[in-house]
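# Topology and contacts: notes
Listed below, chain by chain, are the residues.
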Amino acid sequence: IQNGDHSVSEVAPGGASESENKAIADGPQIITTVQVTVTVDNPIGAADDAARIADRFGGSVANRSEQAGSGSEPGNAQLTLRIPSASLNKALDELKALGVARDTSIFSTDVTAESQDLTARITALQTSVDRLLDLLSKASSTDNLLAIESALSDRQANLESLESQKRNLDSQVQLSTISLYL
């Protein structure tokens with residue numbers, strides 16, 4: 001097994017509740033991706049089993065492709081699974097047990113600083129939007145009103161973009177990606 005900067009045991013726990021998201025925000029923000037090759041007798045059947053494993057752990061199949069075999073060749077299947085990070089080790093063990101695990105690579109990337117930066121930028125931009133909304137309610141001239149609306153529109157667009165980036169980053173932390181080759 002090849003490890004990046006962090007071991008899989010350091011992966012931040014996944015979850016959808018507010019308290020779990022708070023715990024993630026307070027701890028290290030680790031994105032983990034895994035590539036694993038498993039030799040199986042029936043790749044298509046094993047792909048079905050892998051999809052059930054992902055589902056059982058609260059994950060999903062993001063991509064799936066299958067090629068039927070011909071003659072003595074059993075074919076192959078490739079799946080991209082999204083598994084809650086807290087369940088990664090157990091799910092990976094079950095996926096490897098589908099056959100004979102050949103190659104496993106685990107890559108971890110610490111995005112704590114990026115996450116904290118996005119959070120700080122979102123907070124600052126939200127404060128700016130709130131101030132502009134307050135100024136908008138007190139605008140005394142059409143020129144002031146138009147200037148404030150223009151600035152507000154720009155800041156709200158930037159805020160929405162940052163919030164989208166943060167949601168995407170949080171999703172990558174909460175759900176590890178497994179590329180499974182059968």
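So, here is what we can say about the structure in this document. This is a predicted model, so every value here is computed, not measured. (Residues numbered from 1 in each chain as written. Predicted model: local features only at pLDDT ≥ 70, side-chain atom pairs only at ≥ 80, totals over all residues. Heavy atoms only, no water.)

### Description of the overall build of the chain
In terms of helices and strands, the chain carries 5 helices and 5 strands. Secondary structure elements in the chain, listed N-terminal to C-terminal, are α-β-α-β-β-α-β-α-α-β. For the chain, the residues scored as buried account for 35% of the 182 residues in total. Considering only residue pairs separated by 6 or more positions, the chain has 76% of its internal contacts joining residues 24 or more positions apart. Counting only carbon and sulfur atoms, one obtains 46% of the accessible surface of the chain, whose full area is about 10,200 Å². (Helix = DSSP H or I, 4+ residues; strand = E, 2+ residues; numbered from the N terminus. Buried < 20%, exposed > 50% of the residue type's maximum accessible area, 1.4 Å probe, protein only. Contact = heavy atoms within 4.5 Å. Areas by Shrake-Rupley, 256 points an atom, 1.4 Å probe, with all protein chains shown as cover.)

### Here we look at the sheet that holds strand S3 (residues 75-84)
Reading across the sheet, the 5 strands line up as S2-S3-S5-S1-S4 and stay open at both edges, with mixed pairing between neighbours. Since the sheet does not close on itself, it has two edges, and those belong to strand S2 (60-68) and strand S4 (100-110), each with one partner. In this sheet, adjacent strand axes meet at a mean angle of 10° when their direction is disregarded. As paired strands, strand S1 (residues 30-39) and strand S5 (residues 175-181) are joined by 5 bridges and run parallel to one another. Each bridged residue has a counterpart across the sheet, and for Gln-35 the counterpart in S5 is Ser-179. Lying over the sheet, helix H5 (residues 142-174) contacts S1, S3 and S5, oriented at roughly 60° with respect to S5. (Pairing = 2+ DSSP bridges. Axes fitted to C-alpha atoms, helices over the stretch in contact; angles between N-to-C directions.)

### Remarks on the pairing of S5
For S5, a buried count of 5 out of 7 residues is recorded, marking the element as mostly surrounded by other parts of the structure. Where S3 lies against S5, 7 bridges are found, and the strand directions are antiparallel. When the sheet's bridge partners are listed, Leu-81 is paired in S5 with Ile-178.

### What to know about the packing of helix H4 (residues 112-138) against H5
At a minimum axis separation of 9 Å, H4 and H5 run at an interaxial angle of 155°. It follows that H4 is roughly antiparallel to H5 by the angle criterion. Once H4 is placed against H5, the crossing between them reads as left-handed. Taken together, the residues of the contact of H4 with H5 sort by class into 15 nonpolar, 7 polar and 7 charged. (Parallel < 35°, antiparallel > 145°, perpendicular 65-115°, else oblique. Left-handed = near helix turned anticlockwise from the far one by under 90°. Nonpolar A, V, L, I, M, F, W, Y, C, P; charged D, E, K, R; others polar.)

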